[in-house]
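# Architecture at a glance
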Amino acid sequence: MSTDDQTPRPAPLGCTFDPLADVRRPGDPGCDVYLTGTVFLDIIFTGLDSAPVRGTESWARGMGSSPGGVANMATALARLGLRTSLAAAFGDDKYGEYCWETLERGEGIDLGLSWTVPGWHSPVTVSMAYEGERTMVSHGHEAPLPGGGAPGEPPAPPARSAVASLSPGQPQEWITAAAGAGSLLFADVGWDDTGAWDLAALPELAYCEAFLPNAEEAMRYTRTDCPRAAARALTERVPLAVVTMGAEGAYAADGRTGETAEVPAIDVEALDTTGAGDVFVAGFVTGTLAGWPLADRLAFAGLTAALSVQEFGGSLSAPGWGEIAAWWQRVPALTPAGTPMEQALGRYAFLDRLLPYEAPAWPRRRAVPTLGFRDTAGAGAGAAGRRNDRTG
């Protein structure tokens, strides 16, 4: 499906709520969010008692597989009702086929700008989750552009917004083009292996609306010892800085208005934190495009991330509106009156105006333990799970 026209497309497959309904106008781009990057096949082991030890064999109590890498963010955005376009290479192996079907048919993500590379095997990440932490081992090779061209960047389509993962000293020309075309840019960043932690190595920040690093990254880049001070310092480079602080929650600073907001984290038992940062960004992007107040955006992003870590699998742990509604309907009812928890839940009262319908049963479709199952129609396990366990 092409995203270069101006005809609005319906919300992604199975999503019963459009968070941007109030702001959509005739002539808007058909794409809400554009992403590009590498799709991995993630194989996740959970229930490990400790990190693997050299020379020994470890047994996990659970496992699953799902699309990973940039697919984590794309899936999280699509499940929140945003019309999402992803440009990525896919291998012509079974892993690539599974990932393509899961994203396009299962999640309703537009892969019109993606391509299949003959003879190129899919990148793979094995993630081991234990004690709230994770260890990952990955393997893959850079993919050529369509038609056998050199590795590079596909052009960005007209889009309401785009999400970019910045890398120090690795410029991405599509970011400049997307910003010039009117897309609102949101950026995160990975660990700086060079150790320089120099903001000058991230020139694309000049084109971004918001920058969303974690606390350690933000403090290293700003040479501060406080994540809140780091967020305020980052507003000298980007209009809006959002710093995630793990168990402490998240803090945001708007350099244009001077507004700040802080929301505590929701206390949950984390099964697998893979992709939680991507889900947080997706929640914040959704609230920003919908025009919500800064504190509501921050709270919503934290909620979606908290719901995701209670299930395993980076992309397929992302919550949909059904799960968000179920949480809001059930958790307050189980919270004793007059407790600090009840007061904390008051931060999410804005959900009342967003969730007028009764929530379906949850949790729903998640990562599957193998790619070998088939349903009665002869489709692969991923396709069967996607059709029968759709989260809206």
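In short, a report on the structure. The structure presented is a predicted model; accordingly, all values stated were derived computationally and were not measured.

## Quick word on the overall build of the chain
- Of the regular secondary structure elements, the chain holds 10 helices and 14 strands.
- Of all 392 residues assigned to the chain, the portion counted as buried reaches 53%.
- With an accessible surface of roughly 17,000 Å², the chain has 54% of that area assigned to carbon and sulfur atoms.

## Section: the sheet that holds strand β3 (residues 62-69)
- With mixed pairing, the 4 strands of this open sheet are ordered in space as β3-β2-β7-β8. A single partner strand is all that each edge strand has here, and the edge strands are β3 and β8 (133-139). Averaged over neighbouring strand pairs, the angle between their axes works out to 20° when direction is ignored.
- For strand β7 (residues 124-130) and β8, the ladder comprises 7 bridges, and the chain directions are antiparallel. In the sheet register, V124 faces β8, and the bridge partner there is H139.

## Some points on the packing of helix α1 (residues 70-79) against helix α6 (residues 276-290)
- Interaxial distance between α1 and α6 falls to 8 Å at its minimum, and their mutual angle equals 40°. Our classification of the angle between α1 and α6 gives oblique. Of the two elements, α1 crosses α6, and the hand of that crossing is right-handed. Contacts from N72, M73, A76 and L77 of α1 reach α6 at D278, V279, V281, A282 and V285.
- Taken together, the residues that form the contact of α1 with α6 break down as 7 nonpolar, 1 polar and 1 charged.

## Brief notes about the nonpolar core
- Membership of the largest hydrophobic core comes to 68 residues, with the highest contact counts inside it found for L86, Y348 and L351.
- Sort the elements by how many residues they give to this core and helix α7 (residues 294-308) lands first, with 9 residues.
- Leave out the neighbours within four places in its chain, and Y348 touches V263, P264, I266, A299, L303, W327 and W328.
- In this structure, Y34, L205, A230 and A241 belong to the second largest nonpolar core, which totals 32 residues.

## Remarks on the sheet that holds strand β12 (residues 240-244)
- Taken in spatial order, the 8 strands line up as β4-β1-β9-β10-β11-β12-β13-β14 in an open sheet, and their pairing is mixed. The strands lining the two open edges of the sheet, one partner per strand, are β4 (84-87) and β14 (260-263).
- Where β12 lies against strand β13 (residues 250-254), 5 bridges are found, and the strand directions are antiparallel. Residue pairing in the sheet places T244 in a bridge with A250 of β13.
- The sheet strands contacting α7 are β12, β13 and β14, and the helix crosses β14 at an angle near 30°.

## Brief notes about the packing of aromatic side chains
- Tallied over the full model, the rule gives 11 aromatic pairs.
- On the basis of an interplanar angle of 80° and a centroid distance of 4.7 Å, the ring pair of W191 and W197 is categorised as edge-to-face.
- Centroid distance W292 to F350: 6.0 Å. Interplanar angle 55°. Geometry classified as tilted. Here W292 is found in the loop between α6 and α7, whereas its partner F350 is found in the loop between α9 (340-345) and α10 (381-388), with 58 residues between them in sequence. The same class applies to W292 as to F350, namely buried.
- An aromatic cluster of at least three residues, connected via ring pairs, comprises F17, W292, F300, W321, W327, W328, Y348 and F350.

## Quick notes on the environment of S85
- For S85, the location among the structural elements is in strand β4.
- As a C-alpha pair, S85 and L35 span 50 residues in sequence and 6.4 Å in three-dimensional space.

## Things to note about the pattern of salt bridges
- The final tally for this structure, using the stated rule, is 15 salt bridges.
- For D49, the salt bridge identified is with R61, shortest N-O distance 3.1 Å. With D49 in the loop between β2 (39-46) and β3 and R61 in the loop between β2 and β3, the pair connects residues that are 12 residues apart, well separated along the chain.
- A relative accessible area of 62% places R61 in the exposed class.
- Here D296 ties to R347 by a salt bridge, and the two come within 2.8 Å at their closest N and O atoms. One end of the pair, D296, is in helix α7; the other, R347, is in the loop between α9 and α10, and 51 residues separate them in sequence.
- Accessibility expressed as a relative area gives 28% for R347, which makes it partly exposed.
- Through salt bridges with shared partners, a single ionic network connects D18, R24, D28, D32 and R160.

## Considerations on the side chain of T288
- Tracing the backbone shows T288 in helix α6.
- On the accessibility criterion, T288 (14% relative accessible area) is buried.

## Re the pairing of β14
- Every second residue of β14 is oriented toward a common face, the buried set being A261 and V263 and the non-buried set T260 and E262.
- From the end of β13 to the start of β14, which pair antiparallel, there are 5 residues, and G258 there has a positive phi angle of about 80°.

## Considerations on the packing of α6 against α7
- Where α6 meets α7, the axes come as close as 8 Å, and the angle between the chain directions of the two elements is 145°. The two elements α6 and α7 meet at a crossing, and its hand is right-handed. In contact with A276, V279, F280, G283, F284, T286, G287 and T288 of α6, α7 contributes L294, R297, L298, F300, A301, G302, T304, A305 and S308.
- Grouping the constituent residues of the contact of α6 with α7 by class yields 9 nonpolar, 7 polar and 1 charged.

The rules behind the values
Residues numbered from 1 in each chain as written. Predicted model: local features only at pLDDT ≥ 70, side-chain atom pairs only at ≥ 80, totals over all residues. Heavy atoms only, no water. Helix = DSSP H or I, 4+ residues; strand = E, 2+ residues; numbered from the N terminus. Buried < 20%, exposed > 50% of the residue type's maximum accessible area, 1.4 Å probe, protein only. Areas by Shrake-Rupley, 256 points an atom, 1.4 Å probe, with all protein chains shown as cover. Pairing = 2+ DSSP bridges. Axes fitted to C-alpha atoms, helices over the stretch in contact; angles between N-to-C directions. Parallel < 35°, antiparallel > 145°, perpendicular 65-115°, else oblique. Left-handed = near helix turned anticlockwise from the far one by under 90°. Contact = heavy atoms within 4.5 Å. Nonpolar A, V, L, I, M, F, W, Y, C, P; charged D, E, K, R; others polar. Core = buried A, V, L, I, M, F, W, Y, C linked by side-chain atoms within 4.5 Å. Phe/Tyr/Trp six-rings, centres within 6.5 Å; stacked < 30°, edge-to-face > 60°. Salt bridge = Lys/Arg side-chain N within 4 Å of Asp/Glu carboxyl O.

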